[in-house]
Amino acid sequence: MRRKLLLLLLLVGLLGLQRSCCFEFVIDGEWEDEESDLRRSGGRHKRAELTSEEQEDFEAIRGDDITVKSYKVESRITSRFAHTSVRSSVVNSGSKAQTIGFNVQIPKRAFITNFTMNVNGITFTGSVKEKTVARNLYAQARAKGKAAGIVRANSQELETFKTEVHVPPGSNIEFELHYQEMMQRKLGFYEHSLHLQPGRLVPQFQVDVYIFEPKGIATLETSNNLGDKFDNLVKVTQTPEKAHVVFKPTLQQQRKCDNCTQSAIDGELSVKYDVKRDNNAGELQVSDGHFVHFFAPSNMSPLPKNIVFVIDVSGSMWGVKMKQTVEAMQAILDDLTVDDQFSIIDFNHNVRCWSEDLVPGSSIQIADAKKYIQNIKPVGGTNINEALMKAVQILVRASNQGLIDPRSVSMIILVSDGDPTVGEIKLSTIQKNVKKAMREDFSLFSLGIGFDVDYDFLERIAMDNRGVAQRIFANHDAAEQLRTFYSQVSNPLLRRINVHFPEDSVSDVTQNQFDKYFGGSELVVAGKVQPSESDTLTSFTTASGVLLDITLQTEVDTSKLDMELAKQQHSFTGFARQLWAYITIKQLISERSLAPTAVKKRKITQRILALAMEHQFVTPLTALLVESEDSKERLLADSPKDPKQGCCSGSTMGGGMRTLPPVKVVYQPPPWVQMTTPAPPSHVEKGPEEWTLPKQVNLVDNDPHFIVHLPQTNMDVCFNINSEPGHILNLVSDRGTGVAVNGQLIGNKKVQRENQSTYFGVISVYHQPGGIGVTVSTDSIAFTDGKNNHTFTWGATADIVQNGTRIAIVKDSQVSVTVNQGIRVMVLLHRVWKKHPVNVDFLGVYLPNDNRYSPLVHGLIGQFSREPKVNIYDIRDGADPQKKEATMEVKGNKLQVTRGWQKDYRRDKRRGSDVYCWFVHNSGKGFIDGHYSAYIVPDLHSFLSME
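Our subject in this report is the structure included herewith.

Calculation criteria
Within any chain, residue numbers begin from 1 and follow the written order of that chain's sequence. It should be noted that, the model being predicted, local features are given only for residues of pLDDT at least 70 and side-chain atom pairs only at 80 or more, the latter also being counted only at that level, while totals for whole chains, interfaces and linings use all residues. Side-chain figures throughout are based on the complete set of non-hydrogen atoms in the structure, without hydrogens or water. The helix and strand labels rest on DSSP assignments: H or I over at least four residues marks a helix, E over at least two residues marks a strand, and numbering proceeds from the N terminus. Note on classification: 1.4 Å probe, protein chains only; a residue is buried when its accessible area is under 20% of the maximum for its type, exposed when over 50%, partly exposed between these limits. Under the convention used here, a 1.4 Å probe and the Shrake-Rupley method define accessible areas, while residue burial counts only the protein chains that appear. A pair of sulfur atoms, both from cysteines and within 2.5 Å, is called a disulfide here. Strands are treated as partners if at least two bridges between them are detected by DSSP. Axes, fitted as lines to C-alpha atoms, cover a helix only where it is in contact. Angles between the N-to-C directions of the axes lie from 0 to 180 degrees. The scheme is simple: roughly parallel for angles under 35 degrees, roughly antiparallel for over 145, roughly perpendicular for 65 to 115, oblique for anything else. Should the near helix be turned anticlockwise from the far one by less than a right angle, the crossing is termed left-handed; should it be turned clockwise, right-handed. Contacts are residue-level and defined by heavy atoms, with any inter-residue pair within 4.5 Å sufficient. Three classes are used: nonpolar for Ala, Val, Leu, Ile, Met, Phe, Trp, Tyr, Cys and Pro, charged for Asp, Glu, Lys and Arg, and polar for all others, with Gly counted as polar. Nonpolar cores are built from buried Ala, Val, Leu, Ile, Met, Phe, Trp, Tyr and Cys residues. Side-chain atoms within 4.5 Å join them into one set.

**Looking at the overall build of the protein chain**
- Per the secondary structure count, the protein chain includes 15 helices and 52 strands.
- Put simply, the protein chain has 947 residues, and 57% of those count as buried.
- Summed over all atoms, the accessible surface of the protein chain reaches about 40400 Å², with 48% contributed by carbon and sulfur.

As structure tokens, then:
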């Protein structure tokens, strides 16, 4: 008896195939019966054999016509980039030929990289090709009756890859699918979700997720919607940099009930985590000749917002859509603060404004806006053009009138479920109108509710105006989707972020200039590292926050990560190369949708094709051609289209068998992105480490030793202060300039010989007129303007300018604070062995003699800006022959002093350089004005009492 072996490869969505068409893929195969087939093929179609350990489980489920021998999912996540493989081995355990399916739901953001299948010894291997080439090869096979078509549709956040194979009894089929994606940080976490649908009870069922983050894993949690019975079956093993998540239910644990033959596993397993960040400058990684710069600062005050909400209230929004939108808006309005300004526009065929002007987010205004939203009744058509133009007009008028803080963030949030039907209805014209009216510092975010909306248009108009689009699915949790999206854009921390690199150090850089950074998210820049004799790569990031401008420097050893990856058994060693290609292709696809001319679009298309084929990504412009070993049998899989555009539309690229020439892949950005990588500002090129203080300084270091330099006599005088831990000593108190410098003492871990050594653990520089306070501790550097707070760790190299105060941080070394270009303070960090039984980390403080204080200055060091007359005489040998003794006349006092030396640690933090000085005993008594206890102040921002 002759039969046909049928294969069907599908890429489908979750919403059904009512709009789809499908074909069959035919492989010639023949047999008369099982025994004769075994004789002819040498066991090619024999029943799959199980190991002895699996035999009992296999027999327990052989009552089904289809037996899934194994179902294994493995994800390797390295530095936020995930490579996932899904493998399944299936046996036709029935007595008749039948169809066996392999379904995998994958995230929409993922790119399929490969699919292989083995059917009774026939191996099919996938390769990514330009779509027209793949389709022509596929069409040739189909013309001979040996090819199949493909069904494409769309869903919510997923696509479903589906393969079906019609096989004789006893057949063994193995499926293997690979896909890759960059994980996006949202609301402070990365989330990796795996959709598990084995379809049957499985003797060998296992999910492994391996995570390797070079900087360390800060938090990790798992969740699933498979049912409560599976909660305790997810096991996590974790070290500082690695984690392994295992889900391995037994056959009995998979059953829906004790005696059921159906599997209870049909749902999602999620791993949510965040990484450690030792500074706000970002994380720079280099591997395989590529770099990735991750930027996700925190501990910063949010920028004020100016928001115009534009809400579609046309007739199609009636019912659940409107109810969910109103519910979401109630919560969103509650999130506004008095520093924010907002207005609301609702539109159908007409456009109405709740307020013609921006109003502050006060409780009274929010209550009135909620009442207005609650009374909206959907009816009529859709006039998107006029509504958006009105929203822009409100922002422009407020800006022209000086009512918008230049450091605030202005945005329009559009919520719509339909195409324009009233007024201007041509989408390209609407896009041009909005683009022309919008200003460079305004952004447009588009939310499309349901599948009826033209999401491509909403995405284009958002990208064209420095925003993003998101589809909101019209179901029971649409309100939560709206609130979640708003949460992602409601906390802007920085504006105008630029990531630079030294000239000729990198190439092929992805987008490196960003309009905004929102808290809880992450900006990622990738590129290629140019050959260099240096083993370090440096990045400079500039940005503007609330009343501050920052420049951040990050350095990395270009060989260190590759050596570390080589030691890791389950890391994804090619992550940097693939991540760069992934980002570049995603950005090129966005640029292609905005291409102003056909010529530009073709050039972008060529770049996408070259890069996708080199890195084996299935994109909207490429296809996965799956071929048998002899290339006679072919299957085809390409990306699904948005359902608004139909399921089976063809490619618009050139046809025929033409092979595109290779092109140099250089990312070309959307119109608003300037892709040049300019040199860093002049003060950054050499780095903050060269911003040194002059040779002549007054300093306090070690436990704590004060060294006062007297320029007129070129003499150094030193003394110690023997105070107690917790006391705050005033070093400079200048009410004339409004500057106070204070230091808080800390003590050793143990008291030795009834004498506890003290050190400075915190140094504060406070500028009263600007309200700027800089607090340097051994853990962090924090600064505030009395309202907004920002924190950096010692892991950052940064330059911050705020209200005339400049803070320059050199990683793990020093902080320099300059107030109004006249007063400078340098703070040095001294680290000790963490496990030292006695010693603690401490700070040293250095102040130049040429600081421009006012005549009112005082303090333990400030008082010496008025140099006292000092006379040293009667120099003689002391008890220690290495230390001379003498008499000092100063301020009408005669003091017995000792010639010794103290340390200046600016140039050598380990050993220091010797500073020879006359030491004044008894906590500087007689040399300083009054007793040292008079310099103890109540808090870090205190000035000395005027009494």
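**Section: the state of the cysteines**
- Within this structure, the stated rule accounts for two disulfides.
- A disulfide bridge connects Cys-718 with Cys-917, and the sulfur atoms are separated by 2.1 Å. When the S-S torsion is 75 degrees, as for the bridge of Cys-718 with Cys-917, the disulfide is right-handed. Placement of Cys-718 in strand β36 (residues 715-720) and of Cys-917 in strand β51 (residues 913-920) is noted, with a sequence separation of 199 residues between them. Accessibility assignment for this pair places Cys-718 and Cys-917 in one class, buried.

**As for the sheet that holds strand β18 (residues 290-295)**
- Taking strand neighbours across the sheet as the criterion, the four strands line up as β17-β18-β29-β27 in an open arrangement whose pairing is antiparallel. Edge strands, defined here as strands with exactly one partner in the open sheet, are β17 (283-287) and β27 (506-507).

**Description of the sheet that holds strand β10 (residues 185-186)**
- Pairing within the open sheet is antiparallel, and its four strands lie in the order β10-β11-β16-β13. Since the sheet does not close on itself, it has two edges, and those belong to β10 and β13 (217-224), each with one partner.
- Relative to strand β16 (residues 267-275), strand β11 (residues 189-196) runs antiparallel, the two sharing seven bridges. Within β16, the position partnered with Leu-194 by the bridge is Leu-269.

**Some remarks on the pairing of strand β45 (residues 814-819)**
- Burial of β45 is extensive: six of the six residues sit out of reach of the surface.
- Neither face of β45 is open: one carries Gln-814, Ser-816 and Thr-818, the other Val-815, Val-817 and Val-819, and all of them are buried.
- When strand β44 (residues 805-810) meets β45, the two strands line up antiparallel, connected through six bridges. By the bridge assignment for β45, Ile-809 is matched with Val-815.
- Counted along the chain from β44 to the antiparallel partner β45, the turn is three residues long, and its residue Asp-812 has a positive phi close to 55 degrees.
- Pairing of β45 with strand β46 (residues 823-830), which is carried by six bridges, proceeds in the antiparallel orientation. Across the sheet, Val-815 pairs through a bridge with Val-827, a residue of β46.
- Remark: three residues form the turn of the hairpin made by β45 and β46, two consecutive strands paired antiparallel; Asn-820 in that turn has positive phi of roughly 50 degrees.

**Considering the pairing of strand β8 (residues 158-167)**
- The buried fraction of β8 is high, at eight of 10 residues.
- Relative to β8, strand β5 (residues 98-107) runs antiparallel, the two being bridged by 10 bridges. Within the sheet, the bridge partner assigned to Gly-101 lies in β8 and is Glu-164.

**Section: the environment of Ala-637**
- Secondary-structure assignment places Ala-637 in strand β33 (residues 634-638).
- Separated by 12 residues in the primary sequence, Ala-637 and Leu-625 place their C-alpha atoms 6.6 Å from one another.

**Considering the packing of helix α8 (residues 427-437) against helix α9 (residues 455-463)**
- Here α8 crosses α9 at 20 degrees, and the two axes come no closer than 10 Å. The angle between α8 and α9 falls in the class roughly parallel. Seen from above, α8 lies across α9 with right-handed handedness. Every residue of α9 that contacts α8 at Leu-427, Ile-430, Gln-431 and Val-434 is listed here: Phe-457, Arg-460 and Ile-461.
- Along the lines of polarity and charge, the residues of the contact of α8 with α9 split into five nonpolar, one polar and one charged.

**Observations regarding the nonpolar core**
- Within the largest apolar cluster, 86 residues are counted, with the highest numbers of intra-cluster contacts made by Phe-792, Met-888 and Phe-927.
- Beyond its immediate chain neighbours, meaning those up to four positions away, Phe-927 contacts Val-708, Val-717, Phe-719, Gln-863, Phe-864, Val-870, Met-888, Val-890, Lys-891, Leu-895 and Val-920.
- One finds Val-90, Val-128, Leu-194 and Ala-637 within the second-largest nonpolar core, a separate group that totals 56 residues.

Everything listed here is a matter of coordinates, which is why it stays silent on function.
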